[in-house]
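Summary of structural features
The residues making up each chain are set out below.
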Amino acid sequence: MLRYGKVVELTLSLRRAVAVREAIADIRLIESTGVDRAAVDGIRDRLIALAADQDLFPRSDFPVPKNNIGGQLYLLSQDTDGRFALYVQAVAGANSTPAHNHTTWAAIVGLEGQELNRLYNGHAEKGKPEMESEYIVEHGTGIAFLPEDVHSIHIEDGSLNFHCYGLDLNALSERQYWSEDSDQWKYFKNKFDIIDARI
Ligand SMILES: [Fe+2]
């Protein structure tokens, strides 16, 4: 016999899955018109709408392993061909990335906490990236990128965000980052440890 708590948990998981499915269906439609600034901003806005009901994405469902307070990715949705990958990124402490591109469109939308995004000019072929602006992603806001856009992420005290990409993060073998140590662009080599949270 199912206990009450278990039923509530199952209902939440189902409600979340339905909401995610509806959002991704809309995002597929938006992207079908082409990948330009208006489209990626539309994807961002659809994810902001998905994030509106924070109760669907409680932090307790996305724990951060003690040995990985810098961030844990949970997969919420992905097509069978790897396209339209939606993750929750849960961070418990501080985390930051070097300036990097994605080689596919990307959107980050806030659920809890603050994630500072620094935006850079130029592309990976053009030498050292120069920061142009900063934007804080938090609940009710988001940011979107074209494949060649360059940004870096800086989290000081934990956050819970959507990260959505045109393709499975671990399939983006051409992604590059600016290495401050060697003063050049390099390819990411590490694969992400992603927990599959789909039902
Ligand atoms: Fe990124």
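Now for a quick tour of the structure. Please read these numbers as outputs of a predicted model, since none were measured by experiment.

1. Focus on the pattern of salt bridges
In this structure the tally under the stated criterion is 12 salt bridges. Across the salt bridge formed by R118 and E134, the nearest N and O atoms sit 2.7 Å from each other. Within this pair, whereas R118 is found in strand β5 (residues 115–120), its partner E134 is found in strand β6 (residues 131–137), the two being separated by 16 residues in sequence. Within this structure, D41, R44 and D45 form a network of salt bridges that share partners.

2. As for the packing of helix α1 (residues 4–31) against helix α2 (residues 37–51)
Where α1 meets α2, the axes come as close as 9 Å, and the angle between the chain directions of the two elements is 170 degrees. Comparing the axis directions of α1 and α2 gives the class roughly antiparallel. Residues A19, V20, E22, A23, D26, I27, I30 and E31 of α1 touch α2, and the partners they reach there are A39, G42, I43, R46, L47 and L50. For the contact of α1 with α2, a count of residues per class yields 9 nonpolar, 1 polar and 4 charged.

3. Some details on α1
Taking 1.5 Å of rise per residue, the 28 residues of α1 would be expected to cover 40 Å, and the 40 Å separating its terminal C-alpha atoms lies within 8% of that figure. Along α1, the residues classified as buried are L12, S13, R16, A19, V20, A23, I24, I27 and E31. Among the structural elements, α2, β1 (72–77) and β2 (83–91) are those in contact with the buried residues of α1.

4. Let's talk about the coordination of the iron ion
Surrounding the iron ion are the protein donor atoms H100 (NE2), H102 (NE2) and H151 (NE2), at 2.1 Å. Look at where the donors of the iron ion fall in the sequence and you get H-x1-H-x48-H. In this pair, H102 sits in the loop between β3 (95–96) and β4 (106–113) while H151 sits in strand β8 (residues 150–155), placing the two residues 49 residues apart along the sequence. We classify H151 as buried; its relative accessible area is 1%.

5. What about the nonpolar core?
Ranked by internal contacts, the top residues of the largest apolar core, which has 30 residues, are L47, L50, F57, L86 and F162. Listing elements by their share of this core, those giving two or more residues are α1, α2, β1, β2, β4 and β9 (159–167). Here this core gets 6 residues from one element, more than from any other, and that element is α1. Excluding residues that lie within four positions of it along the chain, L47 makes contacts with I27, L86, A107, V109, F162 and C164. Counting residues in hydrophobic clusters, the runner-up holds 15 residues, among them L73, V91, A106 and L172.

So, how was this worked out
- Positions within a chain are numbered from 1, following the residues in the order the chain's sequence is written.
- Only residues with pLDDT of at least 70 are given local features in this predicted model, and only at 80 or more are side-chain atom pairs given and counted; all residues enter the totals for whole chains, interfaces and linings.
- Each side-chain value is derived from all of the structure's non-hydrogen atoms; neither hydrogens nor water enter the calculation.
- Each reported salt bridge corresponds to a side-chain nitrogen of Lys or Arg within 4 Å of a carboxyl oxygen of Asp or Glu.
- To qualify as a helix, a DSSP run of H or I must reach at least 4 residues; to qualify as a strand, a run of E must reach at least 2; elements of each kind are numbered from the N terminus.
- To obtain each axis, a line is fitted to C-alpha atoms, and for helices this fit is confined to the stretch in contact; angles are then taken between N-to-C directions over 0 to 180 degrees.
- Comment on the angle field: the value is read as roughly parallel under 35 degrees, roughly antiparallel over 145, roughly perpendicular from 65 to 115, and oblique elsewhere.
- By the convention used here, residues are in contact when the closest approach between their heavy atoms is within 4.5 Å.
- Amino acids outside the nonpolar list (Ala, Val, Leu, Ile, Met, Phe, Trp, Tyr, Cys, Pro) and the charged list (Asp, Glu, Lys, Arg) are all regarded as polar, and Gly is one of them.
- By definition here, a helix of n residues has an expected span of 1.5 Å times n minus one.
- Summary of the burial criterion: residues with accessible area below 20% of their type's maximum are buried, those above 50% are exposed, and those between are partly exposed, where the area comes from a 1.4 Å probe applied to protein chains only.
- Atoms are scored as donors when they are N, O or S and lie within 2.8 Å of the metal, with 3.2 Å used for Na, K and Ca; no water is included, so coordination may look incomplete.
- Buried Ala, Val, Leu, Ile, Met, Phe, Trp, Tyr and Cys residues form a nonpolar core when they are joined through side-chain atoms within 4.5 Å.

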